[in-house]
Amino acid sequence: MSSISTELRQAFLAADVRPTVQRYAVLHHLLRDGVHATAEEIFRAVNRQDPRASRATVYNSLKSLTRAGLVREVISEGKAARYDASLRPHHHFVCERCGQVEDIAWFELPAGKQALGARRVRSFEVVFRGVCEKCGGSQPRTGETT
Ligand SMILES: [Zn+2]
Ligand SMILES: [Zn+2]
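What you are looking at is a predicted structure, and each value in this text was computed from that prediction instead of being measured.

Undergrad: Summarise the packing of aromatic side chains; cite the residues concerned and give the values.
TA: Under the defined criterion, the tally for this structure stands at three aromatic pairs. A ring pair is formed by Phe107 and Phe128, whose centres lie 6.3 Å apart and whose planes are at 50°; its orientation type is tilted. A residue pair is termed long-range when its members are at least 10 positions apart, and Phe107 in the loop between β5 (101–104) and β6 (127–130) and Phe128 in strand β6 qualify at 21 residues.

Written out as structure tokens, the structure is:
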């Protein structure tokens, strides 16, 4: 899919970050696979494609991407932090049984604005917690993939 490479190129440009091979690979993995991966999982995925990618380089790339706002730390829950590409705004659902993190389609919270007063908000996201469909969520639906 060439649209992803276009999106990635534009994101690097907009954030004014040099798109090194490793940074590109890290962001590409997070965006294309829609995963919420730990640093170790990202390293393994990138290393599988490019065996020359060392753990230190991948971890450093992840750090610079996070600093630049292209990647965000989603949830750690006392365990290893999970990372997500932050180019497309969305909310999250965390299953308290299996630990699965799912993307929830973006929606605004117009009612919340008043509560913030004069504070200037740069970004926000909602994290829902509960039981996912696989673990027996309230309305099991079939044939639905995301
Ligand atoms: Zn679950
Ligand atoms: Zn996500």
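Still more to cover.
Undergrad: Hey, could you go over the pattern of salt bridges for me, with residue numbers and the actual values?
TA: Taken as a whole, this structure holds seven salt bridges when the rule is applied. Of the charged contacts, one joins Arg82 and Glu41 as a salt bridge, the two residues approaching to 3.4 Å between their closest N and O atoms. Highlighted residues: Arg82 in strand β3 (residues 82–85) and Glu41 in helix α3 (residues 39–49), separated in sequence by 41 residues. The network of salt bridges with shared partners includes Glu40, Arg44 and Arg55.

Undergrad: Got a sec to walk through unusual backbone geometry? Specific residues and values, please.
TA: What is expected of a backbone is that most residues other than glycine have negative phi and most peptide bonds are trans. A positive phi angle is found at Asp16, which is not glycine, with a value near 60°. Its relative accessible area of 70% is what places Asp16 among the exposed residues.

Undergrad: Please give an account of the sheet that holds strand β1 (residues 37–38) that cites residues and values.
TA: The antiparallel open sheet is built from three strands, whose spatial order is β1-β3-β2. The open sheet has two edge strands with one neighbour each: β1 and β2 (71–73). The pairing of β2 with β3 spans three bridges and is antiparallel. Across the sheet, Arg72 pairs through a bridge with Asp84, a residue of β3. Packing of helix α2 (residues 21–33) onto the sheet brings it into contact with β1, β2 and β3, and relative to β3 it is tilted by some 85°.

Rules used throughout
Residues numbered from 1 in each chain as written. Chains lettered and ligands numbered in written order. Predicted model: local features only at pLDDT ≥ 70, side-chain atom pairs only at ≥ 80, totals over all residues. Heavy atoms only, no water. Phe/Tyr/Trp six-rings, centres within 6.5 Å; stacked < 30°, edge-to-face > 60°. Helix = DSSP H or I, 4+ residues; strand = E, 2+ residues; numbered from the N terminus. Salt bridge = Lys/Arg side-chain N within 4 Å of Asp/Glu carboxyl O. Buried < 20%, exposed > 50% of the residue type's maximum accessible area, 1.4 Å probe, protein only. Pairing = 2+ DSSP bridges. Contact = heavy atoms within 4.5 Å. Axes fitted to C-alpha atoms, helices over the stretch in contact; angles between N-to-C directions.

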